[in-house]
Amino acid sequence: SYAGFVGGEMKNPPRDLPRAFAVSFLVVLALYLLVTVAYLRVMPIATLQASAQAGKELAARTLGPLGAAIVTGTILLAIIG
């Protein structure tokens, strides 16, 4: 929705705007795949299916109780935002 505003600030929007969209799409895709791989390496699929809070459980297994609390808080802030 902000592409028009960003395009107005670029020196060469016809070339740079599609490139920015492509790079940002690839970055988000890579992050999503890395998170998915992390889930699958730490917890079996059956555990993921049974868990209502997979992110909290993953953090608890890898970072301990404090890490689980931080991840839960971060997820809540993202939902509120």
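The shown structure was predicted, so the numbers you read here are calculated from the model rather than taken from an experiment.

Bringing the overall build of the protein chain into the picture now. Across its full length, the protein chain holds four helices and zero strands. A compact globule built from 81 residues would reach a C-alpha radius of gyration of about 12 Å, whereas the protein chain, at 18 Å, exceeds it by more than 25%. Principal-axis analysis of the C-alpha atoms gives the protein chain an extent of 50 × 25 × 20 Å. In the protein chain, which comprises 81 residues, the share counted as buried stands at 15%. Across the protein chain, the fraction of contacts at a sequence separation of at least 24, relative to all contacts at a separation of at least 6, is 0%. About 6,500 Å² of surface is accessible on the protein chain, with carbon and sulfur atoms providing 71% of the total.

The subject of this paragraph is a nonpolar patch on the surface. A contiguous nonpolar surface patch, about 550 Å² in accessible area, is contributed by Phe25, Leu26, Leu29, Tyr32 and Leu33. Within the fold, tyrosine 32 resides in helix α2 (residues 13–42).

This brings us to the confidence of the model for the protein chain. Here the protein chain averages 90 in pLDDT, and 99% of its residues register 70 or above. Looking across the protein chain, the model is least confident in helix α1 (residues 3–9), with a mean pLDDT of 79, and most confident in α2, with 93.

A few words now on the side chain of serine 51. Among the secondary structure elements, serine 51 is positioned in the loop between α3 (45–50) and α4 (54–80). Polar side-chain contacts of serine 51 include one of 3.3 Å to the backbone nitrogen of alanine 54.

It is worth spelling out the packing of α2 against α4 at this point. One way to put it is that α2 packs onto α4 with a least axis distance of 11 Å and a crossing angle of 65 degrees. Of the two possible hands of crossing, α2 and α4 adopt the one that is left-handed. Across the interface between the two elements, Ala38, Tyr39 and Val42 from α2 touch Ala54, Gly55, Leu58, Arg61 and Thr62 from α4. Classifying every residue of the contact of α2 with α4 gives five nonpolar, two polar and one charged.

Definitions and cut-offs
- Residues numbered from 1 in each chain as written.
- Predicted model: local features only at pLDDT ≥ 70, side-chain atom pairs only at ≥ 80, totals over all residues.
- Heavy atoms only, no water.
- Helix = DSSP H or I, 4+ residues; strand = E, 2+ residues; numbered from the N terminus.
- Rg over C-alpha atoms; globule rule 2.2 N^0.38 Å.
- Buried < 20%, exposed > 50% of the residue type's maximum accessible area, 1.4 Å probe, protein only.
- Contact = heavy atoms within 4.5 Å.
- Areas by Shrake-Rupley, 256 points an atom, 1.4 Å probe, with all protein chains shown as cover.
- Patch = residues over 30% accessible without salt bridge, like charges linked within 9 Å, V, L, I, M, F, W, Y side chains within 5 Å.
- Salt bridge = Lys/Arg side-chain N within 4 Å of Asp/Glu carboxyl O.
- pLDDT = per-residue confidence, 0-100.
- Polar contact = N/O pair within 3.5 Å; in protein donor to acceptor, adjacent residues only side chain to side chain.
- Axes fitted to C-alpha atoms, helices over the stretch in contact; angles between N-to-C directions.
- Left-handed = near helix turned anticlockwise from the far one by under 90°.
- Nonpolar A, V, L, I, M, F, W, Y, C, P; charged D, E, K, R; others polar.

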